[in-house]
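# Examination of the molecular architecture
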Protein chains: 2
Amino acid sequence: MKIDPTSKSDLSAQIAKSIRDAIISGDMIVDERLPSESELADQFDVSRPTVREALKRLAAQNLIRTQRGATGGAFVRRLSYDEARAQHVTTSTLLLSMNAVDFQTACEARYALERACAPLSAQRRTPDHLATMRAEIHRQSQPGLSDEGFCDSDVAFHRALVDGAGNPVLSYQLGGAVEAMQPLMNMITFTQRNRDRIVELHTAIANAIEANRPHDADAALSELTAYTLTLGEQVMAARVARKG
Amino acid sequence: MKIDPTSKSDLSAQIAKSIRDAIISGDMIVDERLPSESELADQFDVSRPTVREALKRLAAQNLIRTQRGATGGAFVRRLSYDEARAQHVTTSTLLLSMNAVDFQTACEARYALERACAPLSAQRRTPDHLATMRAEIHRQSQPGLSDEGFCDSDVAFHRALVDGAGNPVLSYQLGGAVEAMQPLMNMITFTQRNRDRIVELHTAIANAIEANRPHDADAALSELTAYTLTLGEQVMAARVARKG
DNA sequence: GTGAAAATTAATGTCAGACAATTGAGAGCC
DNA sequence: GGCTCTCAATTGTCTGACATTAATTTTCAC
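Fair warning: this is a prediction, and the values are worked out from it, not measured in the lab.

## A short note on the overall build of chain A
- Check the secondary structure of chain A and you find 10 helices and 2 strands.
- With the C-alpha coordinates of chain A rotated into their principal frame, the extents come out at 65 × 50 × 30 Å.
- Here chain A, with 244 residues, has 50% of them falling under the buried criterion.
- Within chain A, contacts between residues separated by at least 24 positions form 72% of all contacts whose residues are at least 6 apart in sequence.
- Carbon and sulfur atoms provide 51% of the accessible area of chain A, an area that totals close to 11,500 Å².
- A gap of 2 Å separates the mean positions of the 28 positive and 31 negative side-chain charges of chain A.

Structure below.
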């Protein structure tokens, strides 16, 4: 294996790319062991620290895991749904916080995605999913619940709704999106929101899911969208009023 | 700043986490310069190579960029939509290829997501989006087009549909999903598919988007979903037949 | 005085070699 | 056979050095 010395990018970036390509293309399979750091250093004709930097890049993307000891080394790692979702949440959170996304855009995206899986959830949710939704609704109606607790419960409720569709790929995609956006939306709206109203809408959603009435679920989600948007506008108006 | 020496994880992982938290929490803002590697080494009481491994981890997640030279260093990087989507595509591709996702599940997730934004696209698409869709349809109907070219065009068509919703957050979420799944689906189905049929369905979608008829767009996408699922079943049947 | 060339400097990028820590495997003993 | 002990392989970390890059400052010819 060779590395292009005329390339502008770092050696460690090139080596990481080379190995990443091998993994993505299927040349290396899950749990396969990579050559040791010394061997890689020889193969790529670089020093061991450079190889290590490359391996750390891959580790940061959950592509490999490393083990110390005699039979240790770096191994191709199976990316689990949970890890993938965690990565998705991190990326989405950063994207939103760094790009001044306006509230309406985030809100629209979040509910558009969620409504995509509500019909499937109505059709296939297990009693477990439904029980989780009911439990979270109950938690949300406790007066002593903190704002953080309410937000967590909100995320858990919507996650149960998404998981109810019984499609892990969908759960990964939407779960990541909802988990990233819900806290941001709660941070904006918690000053203005009426918990009773949200509990009411959540109950409507749960009822529709329980009765396998996709259309009702969609309608309830529409109302929740509209209510959230209204909250956003109220917060904006309050901010303008304070400044003026 | 200090690092817990009793923790099981690597020093470089701990340092990376510490800096990452500072960025996510907003303690460090975009384009802010991190201390130099030597300074970080002093602050965390580790050697420079260890700091460098930590920085490479962050670079792999597009959280920082580095610059050489006198005024160089590591800077907090603004995560762009394109980079975020690229990361999302990479993660999704890996997840799908490593977890033996069955065709039906992937197909269902992909079209559920796409149908979520079709109504918005019908309402808001610009002439540009429509022109892109028409151009890709035309390209797909050229007899000389290679399988790879057809797949690329397919992705471009669906991406235009998603972008037509005019919501960058939605484009990031769905674009990533579609771009990751479409090639996999094409890889499976290209032996069986009928290009004319796909062009026909794409045209129906474009017509519905042009006429702002969300319901028609949804129906056409449903048909495309059903057709794709049929293809998947045919491929499976063919495989069984070969083996038996 | 001014402008271009050269030295300075501060930072990342890379290398070589060493030692520490961990862990599985096999030898040796009972 | 089962237990312990040593050993060897591998990753984790450190030290110190040099190379490379690029902005800044200085020098010096004009």
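Picking up where we left off.
## Regarding the pairing of strand β2 (residues 73–76) of chain B
- Pairing of strand β1 (residues 64–67) of chain B with β2 of chain B, which is carried by 4 bridges, proceeds in the antiparallel orientation. For arginine 65 of chain B, the partnering residue across the bridge sits in β2 of chain B and is phenylalanine 75 of chain B.

## Things to note about the interface of chain A and chain B
- The interface is formed by 48 residues belonging to chain A together with 48 residues belonging to chain B.
- The junction of chain A with chain B conceals about 4,300 Å² of combined surface from both sides, 65% of it contributed by carbon and sulfur atoms.
- For the interface between chain A and chain B, the tally reads 6 salt bridges.
- Glutamate 53 of chain A serves as the salt-bridge partner of arginine 52 of chain B, at 2.7 Å between the closest nitrogen and oxygen.
- Where chain A touches chain B, the interface holds 16 residue pairs in polar contact (both at pLDDT 80 or more).
- Listed by contribution, the elements that provide at least two residues to the side of chain A that touches chain B are α1 (11–24), α3 (48–60), α4 (81–98), α5 (103–124) and α8 (168–189) of chain A.
- Residue contributions to the side of chain A that touches chain B peak at 11 residues, all from α4 of chain A.

## As for the protein's contact with DNA strand D
- Around DNA strand D there are 24 residues in total, and Arg48 and Arg52 of chain A together with Ser47, Thr50 and Arg68 of chain B lie nearest to it.
- Glycine 69 of chain A is positioned with one of its backbone polar atoms (N or O) 3.2 Å from a sugar or linking oxygen of DNA strand D.
- Listing elements by their share of the surface near DNA strand D, those giving two or more residues are α3, β1 (64–67) and β2 (73–76) of chain A together with α3 (48–60) of chain B.
- Here the residues of the surface near DNA strand D sort into 6 nonpolar, 9 polar and 9 charged.

## Considering the relation of the copies chain A and chain B
- Each copy superposes on the other: chain A lies on chain B with an RMSD of 0.1 Å after a rotation of 180° and an axial shift of 0.0 Å. In symmetry terms, the pair is related by a two-fold rotation axis.
- Counting the interface residues of chain A, we find that 100% of their copies in chain B are interface residues as well, pointing to one common contact surface.

## Some words on the protein's contact with DNA strand C
- For DNA strand C, the set of nearby residues contains 24 residues, the closest of which are Leu11, Thr50 and Thr71 of chain A together with Arg48 and Arg52 of chain B.
- When atoms of DNA strand C within 4 Å of the protein are split into backbone and base, the sugar-phosphate part holds 73%.
- In this structure, leucine 11 of chain A approaches DNA strand C through a main-chain N or O atom, which is 2.9 Å from a phosphate oxygen.
- Glutamate 37 of chain B places a main-chain nitrogen or oxygen 3.2 Å from a phosphate oxygen of DNA strand C.
- Of all the elements, α3 of chain B adds the most residues to the surface near DNA strand C, at 3 residues.

## Describing the packing of helix α2 (residues 37–44) of chain A against α3 of chain A
All names here are of chain A.
- Viewed as axis vectors pointing N to C, α2 and α3 meet at an angle of 105°, and their least axial separation amounts to 9 Å. It follows that α2 is roughly perpendicular to α3 by the angle criterion. Residues Glu37, Ser38, Leu40 and Ala41 of α2 touch α3, and the partners they reach there are Arg48, Val51, Arg52 and Leu55.

## Thoughts on the environment of aspartate 216 of chain B
All names here are of chain B.
- Residue position: aspartate 216 is located in helix α10 (residues 214–243).
- For aspartate 216, a relative accessible area of 32% corresponds to the partly exposed category.
- Placed 86 residues apart in sequence, aspartate 216 and leucine 130 show a C-alpha to C-alpha distance of 16 Å.

## So, the UniProt feature "domain: HTH gntR-type" (unreviewed entry) in chain A
- Here, the residues flagged by UniProt with the feature "domain: HTH gntR-type" (unreviewed entry) are residues 9–79 of chain A.
- Taken end to end, residues 9–79 of chain A is 49% helix and 11% strand, and its first and last C-alpha atoms sit 27 Å apart.

## Topic: helix α7 (residues 147–163) of chain B
- Along its 17 residues, α7 of chain B runs 24 Å from first to last C-alpha, staying within 8% of the 24 Å computed at 1.5 Å per residue.
- Looking only at α7 of chain B, the buried set comprises Gly149, Phe150, Cys151, Ser153, Asp154, Val155, Phe157, His158, Ala160, Leu161 and Val162 of chain B.

## Quick word on unusual backbone geometry
Residues and elements named next belong to chain B.
- Of note in the backbone geometry, aspartate 31 takes a positive phi value of approximately 75° without being a glycine.
- With a phi angle near 60°, asparagine 62 is a residue other than glycine that sits in the positive phi range.
- Turning to its location among the elements, asparagine 62 is positioned in the loop between α3 and β1.

## As for the domain arrangement of chain A
- As assigned here, chain A comprises domain 1 (11–76) and domain 2 (81–243).
- One C-alpha centre belongs to domain 1 of chain A, the other to domain 2 of chain A; they are set 39 Å apart.

## Section: α1 of chain A
- Between the first and last C-alpha of α1 of chain A there are 20 Å, a value that for 14 residues agrees with the 20 Å anticipated at 1.5 Å per step.
- Its buried side turned inward, α1 of chain A meets α2, α3, β1 and β2 of chain A together with α3 and α4 (81–98) of chain B.
- Backbone geometry just after α1 of chain A places glycine 26 of chain A at a positive phi near 95°.

## Structural notes on the pattern of salt bridges
- Here the structure, examined in full by the defined rule, presents 40 salt bridges over all chains.
- One salt bridge in this structure joins arginine 85 of chain A and glutamate 179 of chain A, with 3.6 Å as the shortest N-O distance. One end of the pair, arginine 85 of chain A, is in helix α4; the other, glutamate 179 of chain A, is in helix α8, with 94 residues separating them in the sequence.
- You can call glutamate 179 of chain A partly exposed: its relative accessible area is 22%.
- A salt bridge links aspartate 31 of chain B to arginine 65 of chain B; its shortest N-O distance comes to 2.8 Å. Highlighted residues: aspartate 31 of chain B in the loop between α1 (11–24) and α2 (37–44) and arginine 65 of chain B in strand β1, separated in sequence by 34 residues.
- You can call arginine 65 of chain B partly exposed: its relative accessible area is 30%.
- Ionic contacts of the salt-bridge type, sharing partners, join the residues Asp82, Arg85, Arg159, Asp163 and Glu179 of chain A into one network.

Reading the values: rules and limits
Residues numbered from 1 in each chain as written. Chains lettered and ligands numbered in written order. Predicted model: local features only at pLDDT ≥ 70, side-chain atom pairs only at ≥ 80, totals over all residues. Heavy atoms only, no water. Helix = DSSP H or I, 4+ residues; strand = E, 2+ residues; numbered from the N terminus. Buried < 20%, exposed > 50% of the residue type's maximum accessible area, 1.4 Å probe, protein only. Contact = heavy atoms within 4.5 Å. Areas by Shrake-Rupley, 256 points an atom, 1.4 Å probe, with all protein chains shown as cover. Lys, Arg positive; Asp, Glu negative; His and termini not counted. Charge placed at Lys NZ, Arg CZ, Asp CG, Glu CD. Pairing = 2+ DSSP bridges. Buried area = accessible area lost by both parts, 1.4 Å probe. Salt bridge = Lys/Arg side-chain N within 4 Å of Asp/Glu carboxyl O. Polar contact = N/O pair within 3.5 Å; in protein donor to acceptor, adjacent residues only side chain to side chain. Near = heavy atom within 4 Å. Nonpolar A, V, L, I, M, F, W, Y, C, P; charged D, E, K, R; others polar. Least-squares fit on C-alpha atoms with pLDDT ≥ 70 in both. Axes fitted to C-alpha atoms, helices over the stretch in contact; angles between N-to-C directions. Parallel < 35°, antiparallel > 145°, perpendicular 65-115°, else oblique. UniProt positions renumbered as here; feature names shortened; annotations may be inferred. Expected span 1.5 Å × (residues − 1). Domains from an automatic or database assignment.

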